[in-house]
Amino acid sequence: MEHEVIVQISEKIKRIRKEKNLTLQDVADRAGVTKGLISQIENGRTIPSLLVLIQIIKAIEVDLDEFFNELSLNGREAPIVVHRRAEYERFEKEPASGYEYFRIFTKKVKESTIDIVLLEIQPGSERDFVQTDAFEYKYIISGEVVYHFRDQSIKLEAGDSMLFDGRLEHNPVNLGNSTCQMLVVYFFE
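Here's a quick rundown of the structure. (Residues numbered from 1 in each chain as written. Predicted model: local features only at pLDDT ≥ 70, side-chain atom pairs only at ≥ 80, totals over all residues. Heavy atoms only, no water.)

Applying the stated criterion to the full structure yields eight salt bridges. For Glu-169, the salt bridge goes to Arg-150, with nearest N and O atoms at 2.6 Å. Of the two residues, Glu-169 sits in the loop between strand S8 (161–165) and strand S9 (170–173) while Arg-150 sits in the loop between strand S6 (144–149) and strand S7 (153–157), which places them 19 residues apart along the sequence. Looking at Glu-169, the relative accessible area reads 31%, which means it is partly exposed. Here Lys-155 makes a salt bridge to Glu-157, at a shortest N to O gap of 3.7 Å. (Salt bridge = Lys/Arg side-chain N within 4 Å of Asp/Glu carboxyl O. Helix = DSSP H or I, 4+ residues; strand = E, 2+ residues; numbered from the N terminus. Buried < 20%, exposed > 50% of the residue type's maximum accessible area, 1.4 Å probe, protein only.)

Turning our attention to the packing of aromatic side chains. This model, assessed by the stated rule, comprises three aromatic pairs. With 5.1 Å between their ring centres and 85 degrees between their planes, Phe-149 and Phe-164 make a pair best called edge-to-face. Of this pair, Phe-149 sits in strand S6 while Phe-164 sits in strand S8, and the two are 15 residues apart along the sequence. Accessibility assignment for this pair places Phe-149 and Phe-164 in one class, buried. Among the aromatic residues, those joined into a cluster by ring pairs are Tyr-147, Phe-149 and Phe-164. Its guanidinium or amino end placed over the ring of Phe-67, Lys-12 lies 4.9 Å from that ring's centre, counting from NZ or CZ. (Phe/Tyr/Trp six-rings, centres within 6.5 Å; stacked < 30°, edge-to-face > 60°. Lys NZ or Arg CZ within 6 Å of the ring centre and 35° of its normal.)

This part takes up the nonpolar core. Formed by 20 residues in total, the largest nonpolar core has its most connected members in Ile-13, Val-27, Ile-38, Ile-56, Ile-60 and Phe-67. The element best represented in this core is helix H4 (residues 50–59), accounting for five residues. Aside from chain neighbours lying at most four places away, what touches Phe-67 is Ile-9, Lys-12, Ile-13, Ile-16, Ile-57, Ile-60 and Val-62. (Core = buried A, V, L, I, M, F, W, Y, C linked by side-chain atoms within 4.5 Å. Contact = heavy atoms within 4.5 Å.)

See the structure below:
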């Protein structure tokens, strides 16, 4: 599904640019990026960072909400999205030797405030189910954790990631012998 959304974004940028009779160079100059990058994005050969995407959308003079509201997710949105380390897409950000970039997660989640937290869960720690008024993105740095939801449990290991609506009751439990460390990003509406 992410690939479909990325293709829609690429095609939409190209369509709007042409409708407004803007050249690749016009958009590149306004967005502060190279003409080649705009071409790669429009042709789906690269995925822009969030900052660059916002700059491009502003460069083609379209409201951000309007730009994203028309994208189709085909009604197949899952309440919990898990990404395993083996599924991360390797990409080249710039020609360089010894630098490996892996796209962990690209997702539009409504206009929100972002809170980034490092969470450590000690072995044997306990708590009740909780809810948060935010979408929660978890990236497991080290150790392992089992996320219990009311209707399922999901085990995550180092390198795995997960996004879910924090309004779903959840409880992370460290069943291992070492500390579980994770990066948590909260997207508050």
